[in-house]
Amino acid sequence: MSDQNPYEKLGVSEDASFDEIQDARNRLMEQCSGDAKSVEIVEAAYDAILMDRLRMRQEGKIKVPERIRFPELRIQSAPKETPTPREQSPAWLQNILDQPTKADVLLPGAWYVGLSAVSIFTGNQVLQLSLVVGVGVSIFFLNRKEGRFGRAVLFTLVGLIIGLIAGGLIAGWLLPQIPYLSANQFSTVLTFILLWLISSFLR
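This structure is a prediction, so every number in the text was calculated from the model and none was measured.

**Some remarks on helix α8 (residues 127–146)**
Then, number 1: Here α8 contains 20 residues, and its C-alpha end-to-end distance of 29 Å stays within 8% of the 28 Å for a straight helix at 1.5 Å per residue.
Then, number 2: Of all the residues in α8, the buried ones are L127, S130, L131, G134, V135, V137, S138, I139, F141, L142 and K145.
Then, number 3: Once α8 finishes, G147 follows within two positions and takes phi at roughly 70°, a positive value.

Now the structure itself:
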C-alpha cells in the first residue's frame, strides 16, 4: 500500500472531481473507523491530494470551478434557479377579462333580473322590447367601464347571438321540465344571463 500514490489509496483517478475525492475519503473513513492506522493512511492520502490540487491550481494547470471561486454569485443566483409556482393566465385572456368592482356586477345584475322578471311574467308580448333594453344595458355598462363603444357593441352583439342560439337549442331539451316557460322566454332569460356576464366580467 505504501507504493501506491494518494489517488490509488483513496481509489480514485487523478482527474477525479473534488466531490468524488471527498466521497471516497468519507467512505473509507467509515470502513476504517476502528483501525487508527488505516484512518491515518486515508487522512494522509486525502491531505496529499489536497496539497497536489492546490499546487496545480496555483500553476494554472486546472481550472477552479466558478462555484468555488465566486461563492457569492451562487448564493445570489439561487432564487433564480427555483421556478415560481404561480402560473399566469395567457395575455389574450388578461386583455379581455376584467376584475370588476361590486358595483360593476350588481348594477347590471339588477337590470337583468328586472328584465328577466318582465319577460317571464308578462308573456311573449314584450320580449322584443326587453331584448332591446337588455342590449342597451350591456352596451352602456361595457362602454362606461372601458370607454370603447365599438368594442362594447361588438361584445354585446356576439353575446346576443350566442344567447339566442344556445337558448333555442337548450329549450327543446329543458322546457318539458319547466312547463311555465315558452322557448322564446327561456332564450331571452339565457341571453340576459350571458349579457350580464359580458357586461360585468369583460373589458
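Moving on from the model shown.
**Examining the packing of α8 against helix α10 (residues 183–201)**
Then, number 1: The interhelical angle for the contact between α8 and α10, taken along N-to-C directions, is 5°, at an axis separation of 9 Å. By the angle between their axes, α8 is roughly parallel relative to α10. Residues L127, S130, L131, G134, V135, S138, F141, L142 and K145 of α8 pack against N184, Q185, T188, T191, F192, L195, I198, S199, S200 and F201 of α10.
Then, number 2: For the contact of α8 with α10, the class distribution of residues is nine nonpolar, nine polar and one charged.

**Here we look at the pattern of salt bridges**
Oppositely charged side chains are able to pair whenever their charged atoms sit close together.
Then, number 1: Under the counting rule described, the total for this entry stands at three salt bridges.
Then, number 2: Taken together, the salt bridges that share partners define one network made up of D52, R55 and E59.

What counts, and where the lines are drawn
Every chain is numbered independently, its residues counted from 1 as its sequence is written. Reporting in this predicted model follows two pLDDT cut-offs: at least 70 for local features of residues, and 80 or more for side-chain atom pairs to be given and counted; totals over whole chains, interfaces and linings ignore these cut-offs and use all residues. To get the side-chain values, all heavy atoms of the structure are used, and hydrogens and water are removed first. Note on conventions: DSSP H or I runs of at least 4 residues are helices, E runs of at least 2 residues are strands, and numbering of each starts at the N terminus. Take the number of residues in a helix, subtract one, and multiply by 1.5 Å to get its expected span. Buried residues are those whose accessible area, probed at 1.4 Å on protein chains only, stays under 20% of the maximum for their type, while exposed residues exceed 50% and partly exposed ones sit between those limits. A fitted line through C-alpha atoms represents every axis, and for helices the fit uses only the stretch in contact; the resulting angles, taken between N-to-C directions, go from 0 to 180 degrees. Orientation is classified from the angle alone, with under 35 degrees giving roughly parallel, over 145 giving roughly antiparallel, 65 to 115 giving roughly perpendicular, and any other angle giving oblique. In what follows, residue pairs with any heavy atoms lying within 4.5 Å of each other are defined as contacts. Under the grouping applied here, Gly and all other residues not named as nonpolar or charged are polar, the nonpolar ones being Ala, Val, Leu, Ile, Met, Phe, Trp, Tyr, Cys and Pro and the charged ones Asp, Glu, Lys and Arg. Basic side-chain nitrogens of Lys or Arg form a salt bridge, by our definition, when they fall within 4 Å of a carboxyl oxygen of Asp or Glu.

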